[in-house]
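# Structural characterization, general
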Amino acid sequence: MEHPLSRDVLRDPEAYQRLARDRETPRPVLLNSLRAFLVGGAISFFGQLVTDVYVHVFHFSPKEANNPTVATLIFFAVLFTGLGWYDRIGQWGGAGAIVPVTGFANTMASSALDYRSEGYVLGVGGNMFKVAGPVIVFGVVSAFVVALVRSLVELLVRGAVGG
Amino acid sequence: MLDVRQGRTWVFPQPPAIFATATVGGPREKEGPLGKVLDRAYEDPYVGEKTFERAERALLESAVAIALRKGSLAPENVDLFVGGDLLNQIVSTAYTARSLGVPYLGLYSACATSTGGLALAALLVASGAAATVLTGAVSHNLAAERQFRQPTEYGGQKPPTAQTTVTGAGVAVVRPSGLPVRIRAATVGRVMDMGITDPMNMGAAMAPAAVDTLRTHLADLGLSPTDYDLIVTGDLGEVGRRLLLDLMREAGLFFDPERVRDAGLMIYDRERQNVLTGGSGAASSAIVYYGYLVPEMADGRLRRVLLLATGALHSPLSVQQGESIPGIAHAVTLERE
């Protein structure tokens with residue numbers, strides 16, 4: 001490959017972009033992966049602990065414990081966001097902090113906090129879902145498409161089998 | 001008619017002087033290596049205000065008030081105020097102009113606003129259009145994050161090439177005479193866009209503009225980098241600086257890398273503080289130039305310095321629309337009398 005400095009890179013955008021890529025500080029992928037694993041794992045482990053508490057201490061059935069567990073995780077994510085800790089955990093742990101449900105709660109809480117200065121209706125109400133919006137939109141749309149496909153397939157199969 | 005043109009550079013036959021300067025900063029700037037040079041450092045990122053946007057305004061107003069006090073000037077003595085910030089419609093500067101009550105021209109060169117304003121201020125004074133011009137720039141980390149990137153408490157991870165917007169302001173008063181620090185020449189840069197699209201690597205987007213303006217400025221003046229004690233860019237950061245040095249070598253410039261510095265690397269200690277590739281924002285250059293370099297020159301420790309602030313001229317929307325990031329750099333040569 002041609003050395004990026006062998007011609008006037010300011011006349012050649014592609015050559016400059018190659019040079020820029022070459023000079024980037026590389027991300028420590030292995031270290032980042034390890035950190036993400038630790039943070040994501042810790043959050044999930046904590047979630048499991050919460051479920052166990054609801055099951056063994058408060059006598060919920062495992063299925064009944066789901067919703068309270070999620071609510072508890074949301075509570076802590078929002079609390080940490082408000083205390084200014086979540087973004088530091090996120091910078092260190094990367095994708096480990098994006099895991100649902102805590103990541104989702106953080107996006108909504110952080111958006112709400114920032115837009116409070118524009119009032120509760122247009123500010124908080126209008127912007128709370130700014131970062132989480134795509135998750136909801138594409139989650140619902142894809143669920144709809146999958147359900148549609150499944151129904152069609154079921155219909156066809158039943159028709160073919162004659163039942 | 002006053003003829004200051006030498007190529008694309010303005011060279012002032014009677015160089016205007018920096019009359020007074022003032023710089024203020026936030027908590028991170030106070031902890032940084034230049035914390036002591038700040039006229040005022042605020043522990044509270046809200047600066048006692050209700051919103052980050054108001055805080056940014058308060059920072060600029062504070063710097064302006066301190067500069068006027070240091071120069072024993074009243075707002076009425078100011079003929080023109082030329083400044084800018086990073087927020088939409090440069091509101092912080094507009095509201096500061098409101099409280100100042102003087103003729104105001106808002107300027108947007110992103111993080112190159114400091115030297116853009118200084119160049120304009122020098123031209124206004126040299127041409128006789130104004131006797132006292134106030135110029136400066138302000139930025140606030142959290143206001144910029146909110147506008148350009150993600151909510152301030154969002155848990156996303158930034159790459160090592162990302163920068164940390166400086167919270168603070170730097171202003172200067174320019175007059176026909178004042179401190180023994182003269183504005184010898186200024187080059188208004190042209191926009192350079194080499195197709196960089198990553199807003200988390202603005203250093204790469206701005207380096208081409210820096211070297212383009214640098215080459216023009218030096219060629220027009222007939223000077224080389226070795227004629228300067230220091231060449232200080234505004235906010236290229238570690239990554240952008242690497243690219244600048246590459247481009248300078250490739251341009252055939254002879255220089256000592258130790259004398260090519262970056263304000264974003266001077267205002268923070270990258271080892272101690274989590275600032276990724278360095279400081280950025282309109283205040284990065286303004287604080288270092290007006291708070292550190294000008295006083296060093298006034299005290300006789302520096303003789304000739306090139307201020308080369310750099311800016312990334314994208315908008316939050318342009319990036320989302322897939323546009324690349326255009327860069328710009330304005331150069332000002334300061335000389336000790």
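Everything numeric in this text was worked out from a predicted model, so none of it was measured.

### Focus: the overall build of chain B
Per the secondary structure count, chain B includes 10 helices and 15 strands. For a compact globule of 337 residues, the expected C-alpha radius of gyration is about 20 Å, and chain B comes in at 18 Å, within 12% of that figure. Viewed in the frame of its principal axes, chain B has a C-alpha envelope of about 55 × 45 × 35 Å. Evaluated residue by residue, chain B yields a buried proportion of 60% over its 337 residues. A separation of at least 24 residues holds for 80% of the contacts in chain B among residues at least 6 apart in sequence.

### Looking at helix 3 (residues 91-100) of chain B
Residue and element names in this part refer to chain B. Taken residue by residue, helix 3 has S92, T93, T96, A97 and L100 as its buried positions. One side of helix 3 carries all its buried residues, which in axial view fall inside an arc of 135°. Turned more than 90 degrees away from the buried face of helix 3, the exposed residues are R98 and S99. Looking at the packing, one finds that the buried side of helix 3 touches helix 2 (52-70), strand 5 (80-85), strand 6 (104-106) and strand 7 (133-139).

### Structural notes on the domain arrangement of chain A
All names here are of chain A. Here the domain parsing of chain A yields domain 1 (30-131) and domain 2 (132-163). Using only C-alpha atoms to locate each centre, domain 1 and domain 2 end up separated by 29 Å. Each partner contributes to the interface: domain 1 provides 6 residues, whereas domain 2 provides 4 residues. In terms of residue class, the side of domain 1 that touches domain 2 is made up of 4 nonpolar, 1 polar and 1 charged.

### Points about the nonpolar core
The nonpolar side chains of a soluble globular protein tend to be buried with one another. B:A63, B:A122, B:A169, B:V174, B:A210, B:L307 and B:L308 are the most contacted members of the largest nonpolar core, which totals 121 residues. Per-element tally for this core: the top contributor is helix 9 (residues 282-298) of chain B, with 11 residues. Looking at which domains feed residues into this core, each of domain 1 (5-175) and domain 2 (181-336) of chain B supplies at least three. Not counting the four nearest positions on each side in its chain, B:A63 is found in contact with B:A22, B:T23, B:V24, B:G136, B:A169, B:G170 and B:V171. A:V39, A:A77, A:F80 and A:I89 belong to the second largest nonpolar core, which has 13 residues in total.

### Side note on the pairing of strand 3 (residues 17-25) of chain B
Residues and elements named next belong to chain B. Burial within strand 3 is extensive, with 9 of its 9 residues counted as buried. Both strand 3 and strand 9 (residues 168-175) contribute to a ladder of 8 bridges, which runs antiparallel. If you follow G25 over to strand 9, its bridge partner there is G168. The pairing of strand 3 with strand 4 (residues 40-41) spans 2 bridges and is parallel. Across the sheet, the residue bridging to V24 is R40, located in strand 4.

### Notes on unusual backbone geometry
With an omega dihedral of 5°, the bond running from A:P100 to A:V101 counts as a cis peptide bond. For A:V101, the position within the fold is in the loop between helix 4 (86-93) and helix 5 (102-115). Phi is positive for B:Q89, which is not a glycine, with a value near 60°. You can see B:Q89 is positioned in the loop between strand 5 and helix 3. You can call B:Q89 exposed: it has 10 C-beta atoms within 10 Å. In this model, B:I90 sits at a positive phi of 40°, which is unusual for a non-glycine residue. When you line up the elements, B:I90 lands in the loop between strand 5 and helix 3. Its 21 C-beta neighbours within 10 Å are what place B:I90 among the buried residues.

### Here's the deal with the environment of B:D229
Considering the arrangement of structural elements, one finds B:D229 in the loop between helix 6 (202-221) and strand 11 (230-233). Apart from the residues within four sequence positions on either side, B:D229 is in contact with B:R259, B:L302, B:R303, B:R304 and B:V305.

### Description of the interface of chain B and chain A
Interface extent is often summarised as the accessible area lost during association of the parts. The partner chain A presents 31 residues to the 30 residues of chain B that form the contact. The leading source of residues in the side of chain B that touches chain A is helix 7 (residues 237-250) of chain B, at 7 residues. For the side of chain B that touches chain A, the per-class residue count stands at 11 nonpolar, 10 polar and 9 charged.

Cut-offs applied
Residues numbered from 1 in each chain as written. Chains lettered and ligands numbered in written order. Predicted model: local features only at pLDDT ≥ 70, side-chain atom pairs only at ≥ 80, totals over all residues. Helix = DSSP H or I, 4+ residues; strand = E, 2+ residues; numbered from the N terminus. Rg over C-alpha atoms; globule rule 2.2 N^0.38 Å. Buried ≥ 20, exposed ≤ 12 C-beta atoms within 10 Å, placed from the backbone. Contact = placed C-beta atoms within 7 Å. Arc of directions from axis to C-beta. Domains from an automatic or database assignment. Nonpolar A, V, L, I, M, F, W, Y, C, P; charged D, E, K, R; others polar. Core = buried A, V, L, I, M, F, W, Y, C linked by C-beta atoms within 7 Å. Pairing = 2+ DSSP bridges.

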